Amino acid sequence: MKYNIMEGNNKVIIEGIKDFDPVHIFECGQCFRWNKEEDNSFTGVAFERVLNVKSEDDKIILSNTNLEDFNNIWYNYFDLERDYGEMKEELSEDEILKEAVKFGSGIRILKQEPFETLISFIISANNAIPRIKSSIERLSKRYGKYIGEYNGKDYYAFPTAGALSKVDVEELKETKIGFRAKYVSNAAKRVFSGEADLNDIKTLDTDEAREKLMEFQGVGPKVSDCILLFSMGKYDAFPIDVWVKRIMEYFYLEEDTSMKKIQRYGEEKFKDVAGFAQQYLFYYARELGIGKKKK
């Protein structure tokens, strides 16, 4: 995709961009290090960089960056090569998805760093987003590299596997990750030692990669599929959580369908764009409370 790009004053401005809404991107459950500011922009950390993202008219303004980092990091991170309009048109042939796509029209699937995604989604299991975010911030502040200050706040990179592998499980619990501390420790040690190579896993097909990821303690089908989708480019993965289960049963399947059957149905129905379908459906269901049982 070609965009009109301008650089200046520690900013990169992308003009004429479509299918990019920071609210949809950063609040659709795929990432945990982006926070909304008073001016409705978002500030976050990725790849040892602090970035502010703001939507203004038909422009996206990336602050605290330059053209070199845009070309080397952010173009890929925000999946700017993909024609989302074409992909959304394909998904919108399904009448239900048509409404979900319209509702979350600015969603883009971020291409995140695999180790950070692995640890973040281990922490996410049976956890609420505000707690996940605060735990990851504590983890980064304690064990991550100091990046610098932006708008009066200090920022830290996500810890490396090496850094986390050296931390005692009881000490890890001080970041409020609870029982997940032993899983985080185990994952960090396996990755740091080379016993598990995330880059190798990334090259496998989706089913094989899923099986390899589920060898990590604390990684089940949902967490593995999130890692596959959000950091390994496996867009045929279809993560199932409570909201996706509800909307799939509400519109497509019978109530009390097993997670495994829902996953297979989603993968077979939406094929190589199943992950995108999942994100639109998840955001649509969660924001509107679709399928939520009345008390």
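Anything mentioned here points back to the structure above.
The structure displayed is predicted, hence computed values, not measured ones. (Residues numbered from 1 in each chain as written. Predicted model: local features only at pLDDT ≥ 70, side-chain atom pairs only at ≥ 80, totals over all residues. Heavy atoms only, no water.)

A.B. asks: For this particular structure, what's the right way to read the packing of helix H5 (residues 114-124) against helix H12 (residues 221-231)?
C.D. replies: The angle between the axes and the distance between the axes are what describe a pair of packed helices. Axis separation between H5 and H12 bottoms out at 9 Å; the angle between their running directions is 150°. The angle between H5 and H12 places the two elements in the roughly antiparallel class. Here the hand of the crossing between H5 and H12 comes out right-handed. Each of Pro114, Thr117, Leu118, Phe121, Ile122 and Ser124 in H5 lies in contact with H12, whose residues at this interface are Lys222, Val223, Cys226, Ile227, Phe230 and Ser231. Split by residue class, the contact of H5 with H12 holds eight nonpolar, three polar and one charged. (Axes fitted to C-alpha atoms, helices over the stretch in contact; angles between N-to-C directions. Helix = DSSP H or I, 4+ residues; strand = E, 2+ residues; numbered from the N terminus. Parallel < 35°, antiparallel > 145°, perpendicular 65-115°, else oblique. Left-handed = near helix turned anticlockwise from the far one by under 90°. Contact = heavy atoms within 4.5 Å. Nonpolar A, V, L, I, M, F, W, Y, C, P; charged D, E, K, R; others polar.)

A.B. asks: Would you mind showing me how to read the sheet that holds strand E5 (residues 49-56) here?
C.D. replies: To summarise the sheet geometry, strands pair through backbone hydrogen bonds and adopt either a parallel or an antiparallel arrangement. Pairing within the open sheet is antiparallel, and its six strands lie in the order E1-E2-E6-E5-E4-E3. The sheet terminates laterally at strand E1 (4-8) and strand E3 (34-36), the two strands that pair on one side only. Taken over all neighbouring pairs, the strand axes of this sheet differ in orientation by 20° on average, direction set aside. As judged from the five bridges shared by E1 and strand E2 (residues 11-15), these two strands associate in the antiparallel manner. Looking at E2, one finds that isoleucine 5 is bridged to isoleucine 14. (Pairing = 2+ DSSP bridges.)

A.B. asks: What should I look at first to understand helix H6 (residues 129-143) in this one?
C.D. replies: Structural remark: α-helix, 3.6 residues per turn; residues separated by three or four positions point the same way. For H6, with 15 residues, the first-to-last C-alpha span of 21 Å sits near the 21 Å given by 1.5 Å per residue. Among the residues of H6, those classed as buried are Ile132, Lys133, Ser135, Ile136, Leu139, Ser140 and Tyr143. All buried residues of H6 lie within an arc of 165° about the axis, which places them on one face of the element. What points out from H6, more than 90 degrees from its buried face, is the exposed set Pro130 and Lys141. Each element contacted by the buried residues of H6 is listed here: E3, H5, strand E8 (153-156), helix H7 (161-165) and helix H8 (169-172). (Expected span 1.5 Å × (residues − 1). Buried < 20%, exposed > 50% of the residue type's maximum accessible area, 1.4 Å probe, protein only. Arc of directions from axis to C-beta.)

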